[in-house]
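This is what each chain is made of:
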Amino acid sequence: MNDSPESRSVIDSGDAPDTTLPIVVYALYLAGIVTGGLTLLVGVVIAYVYRGQGPHWFDEHYRYLIRTFWLALLYFAISGLLMLVLIGFLTWLVVIVWLVIRCVKGIKRLQEHRAPDNVDAWLI
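None of the values given here were measured: they were computed from a predicted structure. (Residues numbered from 1 in each chain as written. Predicted model: local features only at pLDDT ≥ 70, side-chain atom pairs only at ≥ 80, totals over all residues. Heavy atoms only, no water.)

**Q** What is the right way to look at the overall build of the protein in this model?
**A** If you tally the helices and strands in the protein, you get four helices and zero strands. In sequence order, the secondary structure elements of the protein are arranged as α-α-α-α. Long-range pairs, those at least 24 residues apart, make up 63% of the contacts in the protein with a sequence separation of at least 6. Only carbon and sulfur atoms are counted for the fraction: they give 68% of the accessible area of the protein, which is about 7800 Å². (Helix = DSSP H or I, 4+ residues; strand = E, 2+ residues; numbered from the N terminus. Contact = heavy atoms within 4.5 Å. Areas by Shrake-Rupley, 256 points an atom, 1.4 Å probe, with all protein chains shown as cover.)

**Q** Just checking my understanding: could you explain helix H2 (residues 38–50) for this structure?
**A** Spanning 13 residues, H2 covers 19 Å between terminal C-alpha atoms, matching the ideal 18 Å at 1.5 Å per step. Of the positions making up H2, those classed as buried are Thr-39, Leu-40, Gly-43, Val-44, Ile-46 and Ala-47. Angular distribution of buried residues about the axis of H2 spans 160°; they occupy a single face of the element. Pointing more than 90 degrees away from the buried face of H2 are the exposed residues Leu-38 and Val-49. Against the buried residues of H2 lie helix H1 (20–35), helix H3 (56–82) and helix H4 (88–111). Looking one or two residues past H2, Gly-52 carries a phi angle of roughly 85°, positive in sign. (Expected span 1.5 Å × (residues − 1). Buried < 20%, exposed > 50% of the residue type's maximum accessible area, 1.4 Å probe, protein only. Arc of directions from axis to C-beta.)

**Q** Whenever I open this one, the environment of Gly-43 confuses me. Can you help?
**A** Following the sequence through the fold, Gly-43 ends up in helix H2. Its relative accessible area of 0% is what places Gly-43 among the buried residues. A sequence separation of 18 residues divides Gly-43 from Val-25, and the C-alpha atoms of the two residues are 4.9 Å apart. Setting aside residues no more than four positions away along its own chain, Gly-43 makes contact with Val-25, Leu-28 and Tyr-29.

**Q** Looking at this model, I keep getting lost on the environment of Cys-103. Mind explaining?
**A** Looking at where Cys-103 falls in the secondary structure, it is placed in helix H4. For Cys-103, a relative accessible area of 1% gives the class buried. For Cys-103 and Tyr-29, which are 74 residues apart along the polypeptide, the C-alpha to C-alpha distance reads 7.5 Å. Apart from residues no more than four positions distant in its own chain, Cys-103 is found in contact with Tyr-26, Tyr-29 and Leu-30.

**Q** Would you mind going over the packing of aromatic side chains with me for this structure?
**A** The geometry of an aromatic ring pair is captured by the separation of the ring centres together with the interplanar angle, meaning the angle of the planes. One pass over the structure, following the stated rule, counts five aromatic pairs. Consider the rings of Phe-69 and Trp-70, whose centres lie 5.0 Å apart with planes at 80°: the pair is edge-to-face. In this structure Trp-70 comes out as partly exposed when scored by relative accessible area, which is 45%. A centroid spacing of 4.7 Å and a plane angle of 50° characterise the contact between Phe-76 and Trp-92, whose relative ring orientation is tilted. Note that Phe-76 is positioned in helix H3 and Trp-92 in helix H4, a separation of 16 residues in sequence. Taken together, Trp-57, Phe-58 and Tyr-62 form an aromatic cluster joined through their ring pairs. The lysine or arginine in question, Arg-67, covers the ring of Trp-122, its NZ or CZ lying 5.4 Å from the ring centre. (Phe/Tyr/Trp six-rings, centres within 6.5 Å; stacked < 30°, edge-to-face > 60°. Lys NZ or Arg CZ within 6 Å of the ring centre and 35° of its normal.)

**Q** Where do I start with the nonpolar core in this structure?
**A** Side chains of a nonpolar character, in soluble globular proteins, are inclined to be buried together. In terms of nonpolar packing, the biggest core is built from 26 residues, with Tyr-26, Tyr-29, Leu-65, Trp-98 and Leu-99 touching the most fellow members. Contributing elements (two or more residues each) for this core: H1, H2, H3 and H4. With eleven residues, the single largest contributor to this core is H3. Apart from residues no more than four positions distant in its own chain, Tyr-29 is found in contact with Leu-40, Gly-43, Val-44, Leu-65, Ile-66, Thr-68, Phe-69, Leu-99 and Cys-103. (Core = buried A, V, L, I, M, F, W, Y, C linked by side-chain atoms within 4.5 Å.)

Right, here's the structure in full:
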């Protein structure tokens with residue numbers, strides 16, 4: 001076997017885990033806005049399956065994604081009830097904006113190889 005630098009792969013990932021899967025989950029969450037939440041469900045299943053398989057900052061993203069799913073479910077349910085008094089349409093839009101902001105912040109922190117800020121926060 002030849003261990004010379006020329007025989008090694010051009011791409012050296014080092015110690016950083018592959019961030020493709022969490023980015024896909026964030027994208028599934030964003031796609032859930034137009035699919036009626038179906039891809040949100042797929043994304044949370046992926047997050048549950050793959051959590052605990054990386055460094056702490058990586059696992060915090062899965063925890064953040066799981067928490068985002070459950071909070072979104074709660075907020076959308078409350079908005080659905082509020083639609084009976086017509087304010088629910090406004091709160092529905094607020095929840096969509098909240099979901100987009102959380103996903104964008106998560107993707108940004110993931111690309112920096114850092115844990116998301118305020119994982120336990122109820123808002124942003």
